[in-house]
Amino acid sequence: MAVGWNGHLVLGLVLGFSLVSSLGELERFVESPKGDGSVTFLVIGDWGRRGNYNQTEVAHQMGIIGEKLDIDFVVSTGDNFYEDGLTGVDDPAFQESFVNIYTHPGLQKQWYSVLGNHDYRGDVEAQLNPTLRKMDSRWLCLRSFIVNAKIVELFFVDTTPFVDKYFAEPKGDVHDWSNVLPRKRYHSNLLEDLDSALKESRAKWKIVVGHHTIKSAGEHGNTPELVAQLLPIIQANNVDLYINGHDHCLQRISTSDSPIQFLTSGGGSKAWRGHVSWPNPEELKFYYDGQGFMTVQVTEAQIDVVFYDIEGQVHHHWSV
Ligand SMILES: *[C@@H]1O[C@H](CO)[C@@H](O)[C@H](O)[C@H]1NC(C)=O
């Protein structure tokens, strides 16, 4: 891995990220690539448990690898705070599960987070509130947005409102649907904005990030609502990677009918050991049911994806 251009590094630390414009509903952020044009980031999901269930150990390894690879930013695939999101901007969980855990010098970069279904059980607006950014400038969580890093563009999608069962549990968990209803309009606006943003993208590589799975051999399995509504847009626009959390594992699925890689990084804390089922073993390229995280290195010529466990051992490496 080439070492970053120091000018950019200093500028990046000062500015963090820059908000450029908002086309339609999707806000856009710009990340400058390194001098050699490359972009490197970590992906972590399903993590906020006040350091428990190996969250601290995962954070430590992320720091070591993040420093070694000179990462540009961190992506969180959601379920940021267990069990029920944040109660408000003053919820101590923000300190206990984020600020005081990801302390390694290698992790002092911008974080880009989506919401998971557990985050929807709390005060959603609190996680989106700029007050959190004042407490820790690394934090940025929005429902759906775009990060443009020139050679690669990342499209973050709020997937929880697509899942029927969260709306159909009268006695189940309470979700904060403020600013989501009416649901149909929320879906159609989001999918239209995503489709046009993908069509306008001039990036060499396109990555879509959401909390819920599209394809997964884990406990939750596929998300039929996303297979029906999100997958066709991803396929029509030549997206290279779909990255999610939700299943507490690390995995890669690749099917013969499309070049898209379905990557799960949901091993940020509690893992569900033992559950794996996928009809076609040819397609399940990698599955690890313990804790860990993923790195993505992007250059003009290739993408490298690596999965690490809590000891920093590489479990899987894929490149295109
Ligand atoms: C922490 O990780 C180790 C190594 O993978 C594992 O053996 C242990 O069960 C994990 N602990 C918890 C609480 O998940």
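This structure is a prediction, so every number in the text was calculated from the model and none was measured.

With respect to the overall build of the protein chain
Then comes step 1: The secondary structure content of the protein chain amounts to eight helices and 15 strands.
Then comes step 2: Taken over the C-alpha trace, the protein chain has a radius of gyration of 18 Å; the compact-globule value for 320 residues is 20 Å, and the two agree within 12%.
Then comes step 3: Counting only C-alpha atoms and orienting by the principal axes, one finds that the protein chain spans roughly 55 × 50 × 40 Å.
Then comes step 4: Taking as baseline every contact in the protein chain between residues at least 6 positions apart, the subset at least 24 positions apart corresponds to 73%.

Looking at helix H2 (residues 55–69)
Then comes step 1: Over its 15 residues, H2 runs 21 Å from end to end, which matches the ideal 21 Å to within 8%, given 1.5 Å per residue.
Then comes step 2: Residues of H2 that are buried include every one of Gln-55, Val-58, Ala-59, Gln-61, Met-62, Gly-63, Ile-65, Gly-66 and Leu-69, and no others.
Then comes step 3: Buried residues belonging to H2 abut strand E3 (39–44), strand E4 (73–76), helix H3 (93–99), strand E5 (110–113), strand E13 (292–298) and strand E14 (303–309).
Then comes step 4: Directly after H2, the chain includes Asp-70, whose backbone phi takes a positive value near 50 degrees.

A closer look at the pairing of E3
Then comes step 1: Burial within E3 is extensive, with six of its six residues counted as buried.
Then comes step 2: Burial along E3 is two-sided: the face carrying Val-39, Phe-41 and Val-43 and the face carrying Thr-40, Leu-42 and Ile-44 are both buried.
Then comes step 3: Relative to E13, E3 runs antiparallel, the two sharing five bridges. Of the residues in E13, the one forming a bridge with Leu-42 is Thr-295.
Then comes step 4: Relative to E4, E3 runs parallel, the two sharing four bridges. The residue of E4 that forms the bridge with Phe-41 is Phe-73.
Then comes step 5: Handedness of the β-α-β unit built from E3, H2 and E4 comes out right-handed.

Observations concerning the confidence of the model for the protein chain
Then comes step 1: Confidence in the prediction for the protein chain averages 92 pLDDT; 92% of positions are at 70 or higher.
Then comes step 2: Note on residues 1–15: pLDDT under 50 across the span, and 18 contacts to partners over four residues away in sequence or across chains.

Re the environment of Gln-313
Then comes step 1: Of note, Gln-313 is situated in the loop between E14 and strand E15 (314–319).
Then comes step 2: A sequence separation of 173 residues divides Gln-313 from Leu-140, and the C-alpha atoms of the two residues are 29 Å apart.
Then comes step 3: Once residues within four sequence positions are removed from consideration, Gln-313 is found in contact with Phe-307 and Tyr-308.

Some thoughts on the nonpolar core
Then comes step 1: Residues Ile-44, Met-62, Phe-98, Tyr-102 and Tyr-242 are the most contacted members of the largest nonpolar core, which totals 62 residues.
Then comes step 2: Secondary structure elements with two or more residues in this core: E3, H2, H3, helix H4 (124–128), strand E7 (152–157), helix H6 (183–200), helix H8 (231–236) and E14.
Then comes step 3: Each residue touching Met-62, except ones within four places of it in the same chain, is listed here: Leu-42, Ile-44, Val-74, Tyr-102, Leu-107, Trp-111 and Phe-293.

A short note on the site of the ligand
Then comes step 1: If you check the shell around the ligand, you find Tyr-53, Asn-54, Arg-273, Gln-291 and Ile-310 and nothing else.
Then comes step 2: In the environment of the ligand, an oxygen atom lies 2.3 Å from a nitrogen or oxygen atom belonging to the side chain of Asn-54.
Then comes step 3: About the coverage of the ligand: the protein hides 52% of its 370 Å² of free accessible area.
Then comes step 4: Class assignment for the residues of the shell around the ligand results in two nonpolar, two polar and one charged.

Quick word on the UniProt feature "binding site: Fe cation 1" (unreviewed entry) in the protein chain
Then comes step 1: Per the UniProt record, the feature "binding site: Fe cation 1" (unreviewed entry) sits at Asp-46, Asp-79, Tyr-82 and His-248. These annotated residues cover 203 residues of sequence, and their C-alpha atoms all fall within 13.0 Å of one another, placing them together at a single site.
Then comes step 2: Within the element layout of this structure, Asp-46 appears in the loop between E3 and H2.
Then comes step 3: Residue Asp-46 is classed as buried on the basis of its relative accessible area of 0%.
Then comes step 4: Of the polar contacts made by the side chain of Asp-46, one reaches the side chain of Tyr-82; its length is 3.2 Å.
Then comes step 5: The residue Asp-79 is located in the loop between E4 and H3 in this model.
Then comes step 6: Those residues in contact with Asp-79 that lie beyond four places of it in its chain are Asp-46, Trp-47, Gly-48, Leu-115, Gly-116, Asn-117, His-118, Asp-119 and His-211.
Then comes step 7: Side chain to side chain, Asp-79 and Tyr-82 meet in a polar contact 3.1 Å long.

A word on the packing of aromatic side chains
Then comes step 1: Within this structure, the stated rule accounts for 24 aromatic pairs.
Then comes step 2: Ring centres of Phe-29 and Phe-145 lie 5.9 Å apart, and the angle between their planes is 90 degrees; on these two criteria the pair is classed as edge-to-face. With a gap of 116 residues between them, Phe-29 in strand E2 (residues 26–30) and Phe-145 in strand E6 (residues 145–149) connect regions that are remote in the sequence.
Then comes step 3: Measuring from ring centre to ring centre gives 5.3 Å for Phe-293 and Tyr-308, while their planes differ by 15 degrees; the resulting arrangement is stacked. Of this pair, Phe-293 sits in strand E13 while Tyr-308 is found in strand E14, placing the two residues 15 residues apart along the sequence.
Then comes step 4: Geometry around Tyr-53 places Arg-49 over its ring, the cationic atom sitting 5.5 Å from the centre.
Then comes step 5: The ring of Phe-167 has Arg-183 sitting right over it, with the charged end atom 3.9 Å from the ring centre.

Scoring rules and cut-offs
- Residues numbered from 1 in each chain as written.
- Predicted model: local features only at pLDDT ≥ 70, side-chain atom pairs only at ≥ 80, totals over all residues.
- Heavy atoms only, no water.
- Helix = DSSP H or I, 4+ residues; strand = E, 2+ residues; numbered from the N terminus.
- Rg over C-alpha atoms; globule rule 2.2 N^0.38 Å.
- Contact = heavy atoms within 4.5 Å.
- Expected span 1.5 Å × (residues − 1).
- Buried < 20%, exposed > 50% of the residue type's maximum accessible area, 1.4 Å probe, protein only.
- Pairing = 2+ DSSP bridges.
- Right-handed = clockwise from strand over helix to strand, strands pointing away.
- pLDDT = per-residue confidence, 0-100.
- Core = buried A, V, L, I, M, F, W, Y, C linked by side-chain atoms within 4.5 Å.
- Near = heavy atom within 4 Å.
- Polar contact = N/O pair within 3.5 Å; in protein donor to acceptor, adjacent residues only side chain to side chain.
- Areas by Shrake-Rupley, 256 points an atom, 1.4 Å probe, with all protein chains shown as cover.
- Nonpolar A, V, L, I, M, F, W, Y, C, P; charged D, E, K, R; others polar.
- UniProt positions renumbered as here; feature names shortened; annotations may be inferred.
- Phe/Tyr/Trp six-rings, centres within 6.5 Å; stacked < 30°, edge-to-face > 60°.
- Lys NZ or Arg CZ within 6 Å of the ring centre and 35° of its normal.

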